[in-house]
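Overview (structure and organization)
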Amino acid sequence: NTFCRMEKQYVKKTDIPRYINVAVVGLSGAEKEKGAVGVGKSCLCNRFMRSSSNDFEEDHNSLLSNSDFSGRVVNNDNFLYWGEVIKTSTEGTEYTFRVIEQTEFIDDSTFQPFNGVKMDPYIKRCVATKIESAEKLMYICRSQLGIEEKFEQKVLPSGKFNVDGFLCVFDVSVVPGRSIEKQLETVTNILKNIKDTTKPVVLVTTKNDELNESYVQEVQKLVSRKEFKKAIPIVETSACLNVNVDAAFIALAHIIDRFKGRTKIVPYLESVKDY
Ligand code: GTP
Ligand code: MG
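What this report covers is the structure whose coordinates are included nearby. Just so it is clear, the structure is predicted and the values come from calculations on it, not from any experiment.

The rules behind these values
- Residue numbers run consecutively from 1 along every chain, following the written order of its sequence.
- Whichever chain is written first becomes A and whichever ligand is written first becomes 1, with later ones labelled in order.
- In view of the model being predicted, local features appear only for residues whose pLDDT reaches at least 70, and side-chain atom pairs are presented and counted only at 80 or more, with totals across whole chains, interfaces and linings using the full set of residues.
- By convention in this description, side-chain values take in all heavy atoms of the structure and omit both hydrogens and water.
- For this purpose, a residue is taken to be near a molecule or strand whenever a single non-hydrogen atom of the residue falls within 4 Å of it.
- Under this definition, polar contacts are N or O atom pairs within 3.5 Å; protein pairs additionally need one hydrogen-donor-capable and one acceptor-capable atom, and for neighbouring residues in sequence, both atoms have to be side-chain atoms.
- Only the protein chains shown count as cover for residues, with accessible areas throughout obtained via the Shrake-Rupley method and a probe of 1.4 Å.
- Lining residues are those with an atom within 4 Å of a point, where the points come from a 1 Å grid over the protein atoms alone and group into cavities, where a 1.4 Å probe fits but cannot get out, or pockets, open sets with protein on both sides within 12 Å along at least five of seven lines.
- A molecule is said to be in a cavity or pocket once over half of its atoms fall within 2 Å of that pocket's grid points.
- Each residue is assigned to one of three groups, with Ala, Val, Leu, Ile, Met, Phe, Trp, Tyr, Cys and Pro labelled nonpolar, Asp, Glu, Lys and Arg labelled charged, and all others, Gly among them, labelled polar.
- Between the rings of Phe, Tyr and Trp (Trp by its six-membered ring), a pair exists once the centres lie within 6.5 Å; its type follows the angle of the planes, with under 30 degrees stacked, over 60 edge-to-face, and the other angles tilted.
- The numbering of helices and of strands both runs from the N terminus, where a helix is a DSSP run of H or I of at least 4 residues and a strand a run of E of at least 2.
- Any residue under 20% of the maximum accessible area for its type is buried, any over 50% is exposed, and the rest in between are partly exposed; the area is computed with a 1.4 Å probe on protein chains only.
- Only when DSSP finds a minimum of two bridges between them are two strands counted as paired.
- Axis lines are fitted to C-alpha atoms, over the contacting stretch for helices. Their N-to-C directions set the angle, which ranges from 0 to 180 degrees.

As a matter of local geometry, ligand 1 sits amid 18 residues, with Lys 34, Cys 43, Ser 62, Thr 103 and Asp 209 nearest to it. One of the backbone N or O atoms of Cys 43 is found 2.8 Å from an oxygen atom in ligand 1. Between ligand 1 and Lys 207 there is a distance of 3.0 Å, counted from an oxygen atom to a side-chain nitrogen or oxygen. Taking 650 Å² as the accessible area of ligand 1 by itself, protein coverage stands at 89%. Spatially, ligand 1 is embedded in the largest pocket. Its residues placed into classes, the shell around ligand 1 shows four nonpolar, seven polar and seven charged.

Time to look at the packing of aromatic side chains. Geometry of an aromatic ring pair is reported as the spacing of the ring centres plus the angle between the planes. Taken as a whole and assessed by the stated rule, the structure comprises seven aromatic pairs. Relative to Phe 105, the ring of Phe 69 lies with its centre 6.4 Å away and its plane at 65°, an arrangement referred to as edge-to-face. Placement of Phe 69 in helix α4 (residues 66–70) and of Phe 105 in the loop between β4 (94–102) and β5 (106–107) is noted, with a sequence separation of 36 residues between them. Grouping residues by exposure puts Phe 69 and Phe 105 together as buried. Here Trp 82 and Tyr 139 contribute two aromatic rings whose centre-to-centre distance is 4.9 Å and whose plane-to-plane angle is 80°, an arrangement assigned as edge-to-face.

A few words on the sheet that holds strand β3 (residues 79–88). Spatially, six strands are ordered β3-β4-β1-β8-β9-β10 in an open sheet, and the strand pairing comes out mixed. If you trace the sheet from one side to the other, it starts and ends with β3 and β10 (234–236), each paired once. Averaged over all pairs of adjacent strands, the angle between their axes in this sheet comes to 25°, without regard to strand direction. Relative to β10, strand β9 (residues 201–206) runs parallel, the two being bridged by three bridges. Note that in β10 the partner of Val 204 across the bridge is Val 235.

Structure representation (structure tokens):
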């Protein structure tokens, strides 16, 4: 009996730290691209990195002044480094997640994307797997921009980030100024480009607390398209209500980690009952 226990401990997976580098992507851009509000990438990251209600903010508007764009947090990039967090899966594996959000920052004087002319389009740029940004600081919240020294300062380690997998976000709520066709087209293109990277992806629906049933059905059709070969897993979340947020990242970690067990993905309506 003792021997069995010891042997079990010896092979216990938690002994090896597992680092999982995640890029969160999804429809981004100026208002004419994304509609009145964003699809929920930042809120998802905020809830995952700092889940307590005191640390959760809804406002992560991408409209920035020139000086905020060139400050050390944004660092003239179109991505945010959200830092590092340790999470334990239900089977007991400890994962250290590092998260970036691929977005598009908009100049608050011109309402155009920063560096617009020099850049690849978002759908191409967001699937980059080798990312560099020297001395870039972790993003915490909007009020941090411009007064970075008043907040905890964590640097993107070695100024490099190698993406292990993607969370591709799809907003299932109705947003003024954005059509479902527009979001479907963009996300389809992003998923195709992710497929070319050969990195794993999980499709995360956001704002399920305000879901539109027909959008949910569109997403189900989208992930089962033949060109993706294997259906892409869907995790239904609400960042505002903190439902299934950790589950989305763990589902991706399981694929990256080649987890042999079963990844339990609970539908939103079932998960929200426990809330
Ligand atoms: P960009 O980076 O500007 O492209 O936007 P984003 O994708 O990061 O979107 P963001 O997370 O900033 O969310 C935009 C808005 O959507 C928020 O200010 C919230 O009002 C709303 N929102 C985000 N998550 C949820 C959610 O879980 N439920 C509901 N009801 N609203 C949400
Ligand atoms: Mg954002």
